Amino acid sequence: MSNERMELNRAAFLAGSVAAIGAGLTERAVASASAGGVPASSQPSGERLLGRLMAGNKRFVDNDFPDQSRMAIKREMLEDSQAPFAAILGCADSRVIPNFIFVQGLGDLFVARVAGNFPDDLVTASLEYAVEHLGTRLVMVLGHQNCGAVKAVYSAIKDGTTLPPHLSTIQHLMAPGITQVVKSGGSLLDATEVNVRVAMKELKTDSPTLSSAAESGRITIVGGVYLLHTGAVKLLE
């Protein structure tokens, strides 16, 4: 592609193609493309970014999907850099796809998916990368209704058994939080919510990078549970 055509595409993109391609570049990325960067003081707050994420989820629930015809332009814009506004730690479940659930496009979300949406060292390092190197300012731990990993760990604790390798690794990580739910007779959905809360706490306490960023207000860490029957994400306090 010629330089002239690329510049025309860039101008068209910045002039009004954001809505047409889904969620468009984040405010930070658009400003970076046009002004060479964004001062920290002018970056959107975690609350505002969460609002953007949840507005996308409402579109998903309402079956309101944008036109994707200009995706090629955005793909070209993202060839050399990315600036995802949110990082999602979600489950590997095939029904829970963050970019669909929140109606976000290329370059908008940095997603780490693992059964049970609980962080180990590699997942935590991935989220640290998003925050430190990509400028991500919102981190969400996203559990979901009818999670197979939660159900497996719940049942193993209730029956006093151990899951086979390598599933026992997941049980080891998730059991401390879920055990109390089992003892109190809580439901699987209760266990799912507790698992999200414990995962959030783990990110805040086990990672000095994420902890300091959260304490300084540079990032916001939130939790949510995706409800399969409605498509809505329930935010946890």
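All chains use their own residue numbering, which begins from 1 and follows the written sequence. Where local features are concerned, this predicted model is filtered to residues with pLDDT of at least 70; where side-chain atom pairs are given and counted, the filter is 80 or more; whole-chain, interface and lining totals use all residues. Calculation of side-chain values draws on the structure's entire complement of heavy atoms; hydrogens and water are dropped beforehand.

Points about the overall build of the protein
In plain terms, the rule: Numbered from the N terminus, helices here are DSSP runs of H or I no shorter than four residues, and strands are runs of E no shorter than two. Only protein chains enter the accessibility calculation, which uses a 1.4 Å probe; a residue is then buried when its area is under 20% of its type maximum, exposed when over 50%, and partly exposed in between. The contact criterion used is simple: two residues touch if any of their non-hydrogen atoms lie within 4.5 Å. Note that accessible areas follow from Shrake-Rupley with a 1.4 Å probe, and for residues the cover is restricted to the protein chains shown.
Of regular secondary structure, the protein possesses ten helices and five strands. Across the 237 residues in the protein, those meeting the buried criterion constitute 44%. When contacts within the protein are restricted to residue pairs at least 6 apart in sequence, those whose partners lie at least 24 apart make up 72%. Surface summary for the protein: the accessible area is close to 11,800 Å², and the carbon and sulfur share equals 53%.

Side note on the confidence of the model for the protein
Here is the rule: Think of pLDDT as the predictor's per-residue confidence, scored from 0 to 100.
Scored by pLDDT, the protein comes out at a mean of 87, with 82% of its residues at no less than 70. For residues 1–38, every residue scores under 50 in pLDDT, and the model assigns this stretch 71 contacts once sequence neighbours within four places are set aside.

What to know about the sheet that holds strand β5 (residues 233–236)
Using the following cut-off: Pairing between two strands requires that DSSP report at least two bridges joining them. The axes are straight lines fitted to the C-alpha atoms, using for helices just the contacting stretch, and the angles between their N-to-C directions are given from 0 to 180°.
Pairing within the open sheet is mixed, and its five strands lie in the order β2-β1-β3-β4-β5. Of all the strands in the sheet, the pair left with one neighbour each is β2 (109–113) and β5. Neighbour-to-neighbour, the strand axes of the sheet open up by a mean angle of 25°, direction not taken into account. Strand direction decides the pairing type here: strand β1 (residues 86–90) and β2, joined by five bridges, are parallel. Bridge assignment links G90 to a residue of β2, and that residue is R113. Across the sheet, helix α3 (residues 46–61) is in contact with β1, β2, β3 (138–144), β4 (220–226) and β5; its angle to β3 comes to roughly 35°. Each of β1, β2 and β3 touches helix α6 (residues 121–134); the most contacted strand, β2, lies at about 170° to it.

Description of the pattern of salt bridges
Note the threshold: Salt bridges are counted wherever a side-chain nitrogen of Lys or Arg sits within 4 Å of a carboxyl oxygen of Asp or Glu.
Here the structure, examined in full by the defined rule, presents seven salt bridges. Put simply, E132 and R218 hold a salt bridge, and the shortest N to O gap is 2.8 Å. With E132 in helix α6 and R218 in the loop between α10 (208–215) and β4, this pair connects stretches of sequence that are 86 residues apart. Accessibility expressed as a relative area gives 41% for E132, which makes it partly exposed. You can call R218 partly exposed: its relative accessible area is 35%. The partner of E193 in a salt bridge is K234, with the nearest N and O atoms 2.7 Å apart. Linking E193 in helix α9 (residues 188–206) with K234 in strand β5, this pair joins segments that are 41 residues apart in sequence. A residue is classified by how much of its surface remains accessible, and K234, at 38% relative accessible area, is partly exposed. Three or more residues are tied together by salt bridges with common partners; here these are R52, K74 and D108.

Observations regarding the packing of helix α8 (residues 167–183) against α9
Which entries qualify depends on this criterion: An angle below 35 degrees is treated as roughly parallel, one above 145 as roughly antiparallel, one from 65 to 115 as roughly perpendicular, and anything else as oblique. By definition, turning the near helix anticlockwise from the far helix through less than a right angle yields a left-handed crossing, and turning it clockwise yields a right-handed one. Throughout this entry, Asp, Glu, Lys and Arg are counted as charged residues, while Ala, Val, Leu, Ile, Met, Phe, Trp, Tyr, Cys and Pro are counted as nonpolar. The remaining residues, Gly among them, count as polar.
Direction vectors running N to C along α8 and α9 enclose 140°, while the axes themselves pass 9 Å from each other. Here α9 runs oblique to α8, going by the angle between their axes. Here α8 runs over α9; the crossing is right-handed. Of the residues in α9, those touching α8 at M174, G177, I178 and V181 are D190, A191, V194, N195 and V198. Each residue belonging to the contact of α8 with α9 can be placed in one class, and the counts come to six nonpolar, two polar and one charged.

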